[in-house]
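Read off the chains here:
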Amino acid sequence: MIHHRYRWALGLVVVLLFLLAAPGSSQQTPPNTSPQVLEVQGGKIRVVTVASGLVHPWGLAFLPDGRLLVTEKNGRLRMIRNGVLDPDPVWISPTPLGQGGDALHWVAVHPQFAQNKLVYVSYPKQGERGSTLAVARGRLNGSKLEDVKEIFAADAWETGGNLAGKIFFSPDAMLYVTIGDRDRICCNGGEDNSLRMKAQKLDNHVGKTLRLRDDGSVPPDNPFVGRAGTKPEIFTYGHRNGYGLAIHPETGDLWQAEIGPMGGDEVNILQPGHNYGWPLVSMGRNYTGSLGS
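An account of the accompanying structure is given in this report. Note that the structure is a prediction, hence the values are computed from the model and not measured.

### Quick notes on the side chain of H110
Take H110: it is sitting in the loop between strand 8 (107-109) and helix 2 (113-116). Judged by relative accessible area, which is 4%, H110 ranks as buried. There is a polar contact of 2.9 Å between the side chain of H110 and the backbone nitrogen of Q112. The contact partners of H110, leaving out residues within four places of it in the chain, are N116, L118, Y120, F169, A173 and D214.

This is how it looks when you write it as structure tokens:
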């Protein structure tokens, strides 16, 4: 059953990347702070460059003092302060860039950062069964992330496909993690749903949104805790690739932006234990051109 399905263009993600990236340059240059107005579907967006010199920026998180942490997909965690990119990385992912194409995904700051200085990162982890998504945390000391330790690795081992890997803290310090469906169909032209169907099974983390405590352990009130044959970290399932999470400022609901197949992107309001349908239900098309489910 599908709940709260909406179409949504992920323009905000594009704007954030535009704010941070200087195309074709990895050298620090003074940013052009002159506003630009972009015509987009349904209106206009005013854009100002915050900093330049980044290499494929992907995730970002603000610190309480206004400094900005940015992940680069080549594996470096960077810091921007007062509109200037620090020349040295804050931390470097342990994952080699050549294995899977990305070495670092998202960054999140603990809600009590002012007291504990904890910063969290998600990245691909390599193993004998392929790759999966790992989450680590460390303490920010000045401009360096120290004592970084892995606190969680998803049971989503595959040899290819999307990992997703969005990490997000709710105000009650629960850590939400999205795991992609690991689908390889877009690349080999097949239509076999056997891998996709893992998103409908509760004995793995593929195609799920997870809910963890800040140390990576399982909250006792998760919807599937104590049920035989299920992963207790699962909060919701039946997802393709969750790439955005946010709390609605008025209702307190958790909203998720999900990248669907061609023409099938969604925004869902996440409710504990609910099934969001993938791959059984979709409004998009497969990348081979055939209709989705």
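### Description of the packing of aromatic side chains
Scanning the entire structure with this criterion turns up seven aromatic pairs. Arranged with centres 5.3 Å apart and planes meeting at 80 degrees, the rings of Y176 and F235 form a pair that is edge-to-face. Taken as a pair, Y176 in strand 13 (residues 175-179) and F235 in strand 15 (residues 234-237) lie far apart in primary sequence, 59 residues in all. For the pair Y176 and F235, one class covers both residues: buried. In textbook terms, an aromatic cluster arises when at least three aromatic residues are bridged by ring pairs, as seen for W58, W106 and Y243. The ring of W58 carries K73 above its face, with NZ or CZ at 4.2 Å from the centroid. It is R240 that lies over the ring of W278; its NZ or CZ is 5.5 Å from the centre.

Rules used in this analysis
- Residues numbered from 1 in each chain as written.
- Predicted model: local features only at pLDDT ≥ 70, side-chain atom pairs only at ≥ 80, totals over all residues.
- Heavy atoms only, no water.
- Helix = DSSP H or I, 4+ residues; strand = E, 2+ residues; numbered from the N terminus.
- Buried < 20%, exposed > 50% of the residue type's maximum accessible area, 1.4 Å probe, protein only.
- Polar contact = N/O pair within 3.5 Å; in protein donor to acceptor, adjacent residues only side chain to side chain.
- Contact = heavy atoms within 4.5 Å.
- Phe/Tyr/Trp six-rings, centres within 6.5 Å; stacked < 30°, edge-to-face > 60°.
- Lys NZ or Arg CZ within 6 Å of the ring centre and 35° of its normal.

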